[in-house]
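Single-letter residue listing:
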Amino acid sequence: MNNNNNIEIYYYYLGEYIFPGKKYYSPFREDKVFPALVFKFINETLTWKDFGGIQMNPNISGTRDGLAFIMQKENLTSRIAAMKFYDSNIKGKKIPKKIYEIQKVEKPNPVVKIRTEWKDFELDYWKLIDTSLLLKN
């Protein structure tokens, strides 16, 4: 299933734009105590994970894509049933064009600056540590 189909499914159930990394209230549970559903990219596929301790549908295996989302939500037992549900309920619905603009964003590597100059009071505080450890290698 391609990402546009996945996005259509997520939008159908959540009714809002999908942003990878943002937490959503889970459609799998009735309680809205805390948002526990997260979307992320795995191998170029937009996938989901629910951290709310739900009982997973035993028929779901592998990547949790849009099809697995339907199977979990509707408690379906086969991919054929899930495709019939997708074709009859989701495909062809008016979905805003903007929701397809989800892009995979790489996390930047943090830049760590090492301090090389120390004030006397700092050296006094850390006097139990050898000062050579505080100097730049």
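Here goes a summary of the coordinates provided. (Residues numbered from 1 in each chain as written. Predicted model: local features only at pLDDT ≥ 70, side-chain atom pairs only at ≥ 80, totals over all residues. Heavy atoms only, no water.)

With respect to the layout of surface pockets
And step 1. A volume near 390 Å³ is recorded for the largest pocket.
And step 2. The wall of the largest pocket is formed by 18 residues, among which Pro20, Phe41, Gln103, Lys104 and Val105 lie closest to the centre.
And step 3. By residue class, the composition of the lining of the largest pocket is 10 nonpolar, two polar and six charged. (1 Å grid on protein atoms, 1.4 Å probe; cavity = no way out; pocket = protein on both sides within 12 Å on 5 of 7 lines; lining within 4 Å. Points joined across faces, edges and corners; volume = space filled by probe spheres on them. Nonpolar A, V, L, I, M, F, W, Y, C, P; charged D, E, K, R; others polar.)

Points about the packing of helix α2 (residues 66–74) against helix α3 (residues 79–90)
And step 1. Closest axis-to-axis distance for the α2/α3 pair is 9 Å, and the angle between their directions is 95°. By the criterion of interaxial angle, the relationship of α2 to α3 is roughly perpendicular. When α2 is examined against α3, the residues Leu67, Ile70, Met71 and Glu74 are found in contact with a partner set consisting of Arg79, Ala82, Met83, Phe85, Tyr86 and Ile90.
And step 2. Looking at the contact of α2 with α3 residue by residue, the classes come out as eight nonpolar, no polar and two charged. (Axes fitted to C-alpha atoms, helices over the stretch in contact; angles between N-to-C directions. Helix = DSSP H or I, 4+ residues; strand = E, 2+ residues; numbered from the N terminus. Parallel < 35°, antiparallel > 145°, perpendicular 65-115°, else oblique. Contact = heavy atoms within 4.5 Å.)

Examining the side chain of threonine 47
And step 1. Tracing the sequence through the fold places threonine 47 in strand β3 (residues 45–50).
And step 2. On the basis of relative accessibility, which here comes to 2%, the residue threonine 47 falls in the buried class.
And step 3. Beyond its immediate chain neighbours, meaning those up to four positions away, threonine 47 contacts Tyr10, Val38, Phe39, Lys40, Ile42, Thr63 and Arg64. (Buried < 20%, exposed > 50% of the residue type's maximum accessible area, 1.4 Å probe, protein only.)

With respect to helix α1 (residues 3–14)
And step 1. For α1, with 12 residues, the first-to-last C-alpha span of 16 Å sits near the 16 Å given by 1.5 Å per residue.
And step 2. Where α1 is concerned, the buried positions are Asn6, Ile7, Glu8, Ile9, Tyr10, Tyr11, Tyr13 and Leu14.
And step 3. On the buried face of α1, the contacting elements are β1 (23–24), β2 (37–42), β3, α2 and α3.
And step 4. Glycine 15 lies just past α1 and shows a positive phi near 70°. (Expected span 1.5 Å × (residues − 1).)

Section: the nonpolar core
And step 1. Ranked by size, the top nonpolar core spans 29 residues in total, and within it Ile18, Leu37, Phe39, Leu46, Trp48, Phe69 and Ile70 carry the most contacts.
And step 2. Elements with a minimum of two residues in this core: α1, β2, β3, α2 and α3.
And step 3. By residue number, the principal contributor to this core is α1, which donates six residues.
And step 4. Leucine 37 has contacts with Leu14, Lys22, Lys23, Tyr24, Tyr25, Ser26, Pro27, Phe28, Trp48, Lys49, Asp50 and Phe69, leaving out every residue within four places of it along the chain. (Core = buried A, V, L, I, M, F, W, Y, C linked by side-chain atoms within 4.5 Å.)

Description of the pattern of salt bridges
And step 1. The full count for this structure, using the stated rule, is two salt bridges.
And step 2. Across the salt bridge formed by glutamate 16 and lysine 22, the nearest N and O atoms sit 3.4 Å from each other.
And step 3. Aspartate 50 is the salt-bridge partner of arginine 29, the closest N and O atoms lying 3.2 Å from each other. One end of the pair, arginine 29, is in the loop between β1 and β2; the other, aspartate 50, is in strand β3, and 21 residues separate them in sequence. The two residues arginine 29 and aspartate 50 agree in class, both being buried. (Salt bridge = Lys/Arg side-chain N within 4 Å of Asp/Glu carboxyl O.)

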